[in-house]
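Descriptive structure summary
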Protein chains: 2
Amino acid sequence: MTRKHRATLSDVASKAGVSPVTVSRAIRHPEMVSKKLRERIDNAVRSLGYIPNHLASALASHRTNIVGVIVPSLTNGVFDDYLAAIQDVFSLANIQVLVTNVRYSAEKEEKAINTLLGYHPEAMILVGVDQTDNSRQMLTNAGIPVVQTLDLTDNPIDLNIGLSHDDAGYAAVEYLRSLGHESIAHLTARGDPRSQQRHAGYQRAMDTFGLSSEGLVALTPRISTVQLGRRLFAEVLDRQPGVEAVFCCNDDLALGALFECQQRGIRVPEDLAIVGFNDLEFCAASVPPLTSVGTERIQMGKWAAQNVLEIIRGSGQRPDKCQVNTGFTIHERGSSMPAHKTVHGTRGTKARVVS
Amino acid sequence: MTRKHRATLSDVASKAGVSPVTVSRAIRHPEMVSKKLRERIDNAVRSLGYIPNHLASALASHRTNIVGVIVPSLTNGVFDDYLAAIQDVFSLANIQVLVTNVRYSAEKEEKAINTLLGYHPEAMILVGVDQTDNSRQMLTNAGIPVVQTLDLTDNPIDLNIGLSHDDAGYAAVEYLRSLGHESIAHLTARGDPRSQQRHAGYQRAMDTFGLSSEGLVALTPRISTVQLGRRLFAEVLDRQPGVEAVFCCNDDLALGALFECQQRGIRVPEDLAIVGFNDLEFCAASVPPLTSVGTERIQMGKWAAQNVLEIIRGSGQRPDKCQVNTGFTIHERGSSMPAHKTVHGTRGTKARVVS
DNA sequence: AGTGCAATTGACAGCGCTTTCATTTGAAAC
DNA sequence: GTTTCAAATGAAAGCGCTGTCAATTGCACT
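The structure presented is a predicted model; accordingly, all values stated were derived computationally and were not measured. Throughout this description, residue numbers start from 1 for each chain and increase along the sequence as written. Chain letters and ligand numbers both follow the written order, the letters beginning at A and the numbers at 1. Only residues with pLDDT of 70 or above have their local features reported here, since the model is predicted, and side-chain atom pairs are shown and tallied only from 80 upward, although totals for entire chains, interfaces and linings are computed over all residues. Side-chain descriptors were evaluated using all non-hydrogen atoms of the structure, hydrogens and water having been removed beforehand.

Counting its regular elements, chain A contains twelve helices and 13 strands. Here the globule rule is a power law, 2.2 Å times the number of residues to the power 0.38, and the radius of gyration is based on C-alpha atoms. Whereas a compact globule of 355 residues would reach a radius of gyration of roughly 20 Å, chain A reaches 26 Å, over 25% beyond that. Taken over the C-alpha atoms alone, chain A extends approximately 85 × 45 × 35 Å along its principal axes. Of all 355 residues assigned to chain A, the portion counted as buried reaches 57%. Accessibility throughout is a Shrake-Rupley quantity obtained with a 1.4 Å probe, and a residue counts as covered only by protein chains that appear here. Surface summary for chain A: the accessible area is close to 14800 Å², and the carbon and sulfur share equals 49%. Strands here mean DSSP runs of E at least two residues long; helices mean DSSP runs of H or I at least four residues long; both are numbered from the N terminus. Residue burial is assigned from relative accessible area. The probe radius is 1.4 Å, only protein chains are included, and a residue is buried under 20% of its type maximum, exposed over 50%, and partly exposed in between.

Structure, rendered in C-alpha cells:
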C-alpha cells in the first residue's frame, strides 16, 4: 500500500475538523489545546499514521534538533563507547545525532563538516584538534557550539575536553622504566594523530631517560589490527631479540604482540612486558591480562554532549571550564606485573591515575 | 565572529547581482548557467561562506538525499564493516546516511523508525527481520524501499539480503561432529535474535545427530564480551569437564573461551576445539588462530546500498532478485584443526563455503 | 534589418510547518 | 443581561529553497 502522498498536517486538520495550526500545537504544545480537540486530533494522527515532517518543522522553527558528530573510525573499539555516551545524552533531549565516519582523513573531515553544516546542526562535536584551517573557518562561521574531544590544544575552536597523549605516552615508558626495563619498544599506527602524540611522548621519555630507541620502533600507515600487531612486533623481535618491554599505541596492537609472544614461546611478563592503550574490554580477559593506559572516553563523550545541551537548551551560558583535561589511568595487569606482585589466577587491576 | 544570520541564497544572489533562482541553478545544475555568471556566483558563494540549507532544499525539491540505517549495536565489530560498506556506496551519490544504534531493543527500533521517517529518508536499511508490527506498518506506509539485512525471512517487508543463521549454527555443529566430537558445547548471548537462531541451529543439529546438549549450553542476556566468554565457558567446564568442543555465537565469546583454556592449561585444539562466528579480524591472529563461521557482512551492506541506489536514482525498477541468500563460510583454522592437518607456524585458512 | 530558435535568466508559487497576531469563545463577575 | 478577561482557536506570513513557466537574450540565417 504505497501512498502517493504521506499525510501532512493539513490532512490531519481536515480529518479532525480543525485548523492546521491547532494540530501543530496539539503535537508541540499539547497544554495549549483543549482536551476535547486534543483527543480528536490524536485519533486523526493515529488513523492517518501521520509523522511530522522534520524538515519543514526545522525550517519554520529554526530548531533542527540535530547535532553533528564526526568520528575518525568505528572499527576501533574506542569510538563505540564514546558515541554511545553522546547518543544517550542527546536521545533524552530528542536530539538526533548525525554521525559521519571520516576514516582518519582530514580532507574527508572537511567535506563532512561542510555537509553536516548544511543540515544546520545546533552544535558540532569533533574528535581531535587537527582540523584544517578551512574546517575551523566553517565551524566558526556557523556560530554554533563546537566541542573538540579526546585531545587537548592550546588553541581550541570553542570547547575542548581531552587528555595529553604525549604525556600518556611518556607515562607508559616511565612506568616500564620503573619496572627496570630499558630496551622498550614501541608499536604504532601513524595516521591517527593521537597515536603520533603518544609516539612523541614515548620518544621524549626515552630521550629523557637516556635510552636508545634505535631499532625498537615499528610503525605502519595502516589502520591497526591484531594481525598487524603481530607483524610489527615480529619485526622488532627479529631486529632486537633482547627487547624487554613493548608499549603499543593501542590495544589491538598489544593483543597482537601478546599473540606473537605466545607463538614464539616468549613468556609474558617474565621475558617481556606489554602495555597497551585505551583499556578496551578484552585487556582484562586475556592470558595474561594486558596492562593498558585507559582514557575517560565515555566521560568525554558525556561531558561534550551535556555541555552542548546546556548551551543550546539551558541558560545559554558557556560552562565554567571551556577546557577539561580528563587525564589517563595506567591499569596495571599481568602483562607487565613483576612476578612477585602477580597473584595467580587473579586478574586484579592496580590503577595509577594521572590527570 | 558569530554571525547573526547565516548567508542564504538571496544573500549570494544580491552579492552576485543575479536572481536567487540563478544561484540555485549555478549550484545544482551548473551547466544551465553561463560561464560568466557562474564565476561571479562562485565568488560570492566563497566570500560569504555560503552553505546551502539542506532542509529547505529537501523540502522544496522532495529529494532529501537521506537514507536511514538502523543497527542494533556498534560495539560488536560486525557492524563497522557493514556500515562502512553502506556509507561508501552512498557517499559517492551524495547521500547522507542517518544511522541510529538501537542496542538490540525492538522498542527503541520502533521509535528510531518513527524518528527517521520524520526526515523523509528515500530508503531504509535495517538489520534483521524481527521488526514489530507497528514498525512494519510505518515502513510500509512510508512508501520507500526498505531492505532487511543480515538475516532471511519468508515474509520480507520489501527487499531482503542475508543468510540463515539457523543453518549456520547447524553447519558449525555438523563440522565439529565431522571431526569426531560429540560433547559439543554452545555459548550464546540471547538478546541478539540472530544468535538465537544460531542456537536453534545448534540444537537442531545436536538432536539430529542424537547428541545430548544437557549441561553444555551457557547463555547470557548481556551483550557479549571476551570476559563473558571466559565466564560462560568456565561454567561449562566446571559442569562438564569432558567437553570436547565449543561453538560460540560470536568471536568475542570464542576468544574468551580460548583464553579460559589457556588459563586452565587446556590445549587447543588437542584437548578442545573452538569455533566462533563472524570471522572478525582477530580470529586469524590468535594462537592458535580461531576457526570461525564467516558471513558476507560487507557484501550484504554493499548490496543493500547499491540496490537502494538503483531504485531511487536509477531506472526505478526493482532488482531482479528481491531476496538474496549470501550464505556463510567456515574458515577452518588451528583452533579446531585435527593435529595431522595443522601445519606448524602457519595460519592458513581452509574455507568451506555454504550458500 | 527581420525572423526563428535555442540558450539564459527571472517571476512566482509553494514544499509543510511554526510564529505572530488577531479573533472567537466561555465563564466568571457585575 | 452585560461586561471583562483569560483561554482557545484561527488567519496570514514566511522559513530558504526549487519547479514551472514565461520573458529575455544572443546569434545564425534570410
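More follows now that the structure is in view.
Our focus in this paragraph is the protein's contact with DNA strand D. Only heavy atoms are used to decide nearness, and a residue is near a molecule or strand if one of them lies within 4 Å of it. The immediate surroundings of DNA strand D are formed by 25 residues, with A:Thr22, B:Leu9, B:Ser24, B:Arg28 and B:Tyr50 found nearest. Atoms of DNA strand D within 4 Å of the protein belong to the sugar or the phosphate in 68% of instances, the rest to bases. Polar contacts here mean pairs of N or O atoms no more than 3.5 Å apart (in protein, one a potential hydrogen donor and the other a potential acceptor; neighbouring residues in sequence count only if both atoms are side-chain atoms). A:Arg25 is positioned with one of its side-chain polar atoms (N or O) 2.7 Å from a base nitrogen of DNA strand D. In this structure, B:Ser24 approaches DNA strand D through a side-chain N or O atom, which is 2.3 Å from a phosphate oxygen. Broken down by secondary-structure element, the contributors of at least two residues to the surface near DNA strand D are helix H2 (20-28) and helix H4 (54-61) of chain A together with helix H2 (20-28) and helix H4 (54-61) of chain B.

Residue and element names in this part refer to chain B. If you walk across this open sheet you meet the six strands as S2-S1-S3-S4-S5-S11, and the pairing is parallel. Each edge of the sheet is formed by a strand with only one pairing partner; in this case those strands are strand S2 (96-101) and strand S11 (323-325). Direction aside, the axes of adjacent strands within the sheet are offset by 15 degrees on average. Contacts between residues were defined by any pair of non-hydrogen atoms, one from each residue, lying within 4.5 Å. To obtain each axis, a line is fitted to C-alpha atoms, and for helices this fit is confined to the stretch in contact; angles are then taken between N-to-C directions over 0 to 180 degrees. Of the strands in this sheet, strand S1 (66-71), S2, strand S3 (123-127) and strand S4 (146-149) touch helix H5 (residues 78-92), which is tilted by about 165 degrees from S3. Against the sheet, helix H6 (residues 106-117) touches S1, S2 and S3, its axis set at about 170 degrees to S1. The rule for pairing is simple: two strands pair if DSSP sees at least two bridges between them.

Turning our eyes to something else, we now look at the interface of chain B and chain A. Contacts between the two partners involve 59 residues from chain B and, on the opposite side, 59 residues from chain A. Between chain B and chain A the total buried area reaches about 5300 Å² when both faces are included, carbon and sulfur atoms providing 56% of it. A simple way to read buried area is as the amount of 1.4 Å-probe accessible surface that goes missing from two parts once joined, with both sides added. Considering only the surface of chain B that becomes buried against chain A, B:Arg6, B:Leu55 and B:Tyr119 emerge as the three largest contributors, covering 13% of it. The term salt bridge refers to a pairing of a side-chain nitrogen on Lys or Arg with a carboxyl oxygen on Asp or Glu at a separation within 4 Å. Put simply, chain B and chain A have two salt bridges between them. B:Arg103 is the partner of A:Asp88 in a salt bridge, and the nearest nitrogen-oxygen pair spans 2.9 Å. Where chain B meets chain A, there are 19 residue pairs in polar contact (both at pLDDT 80 or more).

So, on to empty space enclosed by the protein. Of the two site types, the cavity is a set of points on a 1 Å grid over the protein atoms alone where a 1.4 Å probe fits but cannot get out, and the pocket is an open set with protein on both sides within 12 Å along at least five of seven lines, each lined by residues with an atom within 4 Å of a point. Grid points are joined across faces, edges and corners, and a volume is the space filled by probe spheres set on the points. This model, assessed by the stated rule, comprises two cavities of 30 Å³ or more. Lining the largest cavity, in full, are A:Leu74, A:Leu83, A:Gln87, A:Val99, A:Thr100, A:Asn101, B:Leu74, B:Leu83, B:Gln87 and B:Val99. Those elements giving two or more residues to the lining of the largest cavity turn out to be helix H5 (78-92) and strand S2 (96-101) of chain A together with H5 of chain B. In terms of residues, the lining of the largest cavity owes the most to one element, S2(A), which gives three residues. For the lining of the largest cavity, a count of residues per class yields six nonpolar, four polar and no charged. Taken as a whole, the second largest cavity encloses approximately 40 Å³ of empty space. Along its surface, the second largest cavity is lined by A:His54, A:Leu55, A:Ile66, A:Tyr119, B:His54, B:Leu55, B:Ile66 and B:Tyr119. Classification used: nonpolar for Ala, Val, Leu, Ile, Met, Phe, Trp, Tyr, Cys and Pro, charged for Asp, Glu, Lys and Arg, polar for all others including Gly.

Moving on to the packing of H5(A) against helix H12 (residues 297-313) of chain A. Residues and elements named next belong to chain A. Axis separation between H5 and H12 bottoms out at 8 Å; the angle between their running directions is 30 degrees. With respect to H12, the axis of H5 lies roughly parallel. Regarding H5 and H12, the two cross each other, and that crossing is right-handed. Residues Val78, Asp81, Tyr82, Ala85, Ile86, Val89 and Phe90 of H5 touch H12, and the partners they reach there are Arg297, Ile298, Gly301, Lys302, Ala305, Gln306, Val308 and Leu309. Considering only residue class, the contact of H5 with H12 consists of ten nonpolar, two polar and three charged. Angle categories: roughly parallel below 35 degrees, roughly antiparallel above 145, roughly perpendicular from 65 to 115, and oblique for all the rest. Left-handed describes a crossing whose near helix is turned anticlockwise from the far helix through less than a right angle; right-handed describes the clockwise counterpart.

What the domain assignment reports for chain A is domain 1 (1-45), domain 2 (66-159 + 297-321) and domain 3 (165-295 + 329-354). Taking only C-alpha atoms into account, the centre of domain 1 of chain A sits 35 Å from that of domain 2 of chain A. Delimitation of the domains relies on an automatic or database domain assignment.

Time to look at the side chain of B:Ser135. All names here are of chain B. Its location among the elements puts serine 135 in helix H7 (residues 133-142). At 2.8 Å, the side chain of serine 135 and the side chain of threonine 132 are in polar contact. Not counting the four nearest positions on each side in its chain, serine 135 is found in contact with Glu110 and Ile113.

Let's shift gears to the sheet that holds strand S4 (residues 146-149) of chain A. Whether parallel or antiparallel, the strands of a sheet pair through hydrogen bonds between backbone atoms. All names here are of chain A. Overall, parallel pairing links the six strands, which are arranged S2-S1-S3-S4-S5-S11 in an open sheet. Every interior strand has two partners, whereas the edge strands, S2 and strand S11 (323-325), have only one. In this sheet, neighbouring strand axes are inclined to one another by 15 degrees on average, regardless of whether the strands run parallel or antiparallel. Bridge count between strand S5 (residues 159-162) and S11: three bridges; the pairing is parallel. Considered in S11, the bridge of glycine 162 is made with asparagine 325. Those strands touched by H5 are strand S1 (66-71), S2, strand S3 (123-127) and S4, and its axis lies near 165 degrees from that of S3.

All names here are of chain B. Burial runs high along S3: five of the five residues are buried. Examined bridge by bridge, S1 and S3 share four bridges and lie parallel to one another. When the bridges of S3 are listed, valine 69 appears paired with isoleucine 125. Bridging between S3 and S4 involves four bridges; their strand directions are parallel. Opposite isoleucine 125, over in S4, you have valine 147 as the bridge partner. Clockwise travel from the first strand over the helix to the second, with the strands pointing away from the viewer, marks a crossover as right-handed. A crossover connection joins S3 to the parallel S4 through H7; in handedness this β-α-β unit is right-handed.

Before going further, it helps to spend a moment on the protein's contact with DNA strand C. Around DNA strand C sit 24 residues in total, of which A:Leu9, A:Ser24, A:Arg28, A:Tyr50 and B:Thr22 are the nearest. Those atoms of DNA strand C that come within 4 Å of the protein belong to sugar or phosphate at a rate of 66%. Within the side chain of A:Ser24, a nitrogen or oxygen atom sits 2.3 Å from a phosphate oxygen of DNA strand C. At a separation of 3.1 Å, a phosphate oxygen of DNA strand C approaches a polar side-chain atom of B:Ser19.

All names here are of chain B. Taken as a whole and judged by the stated rule, the model has 24 salt bridges over all chains. Note that arginine 267 and aspartate 271 form a salt bridge whose closest N and O atoms lie 2.9 Å from each other. On the basis of relative accessible area, aspartate 271 is assigned to the partly exposed category, the value being 35%.

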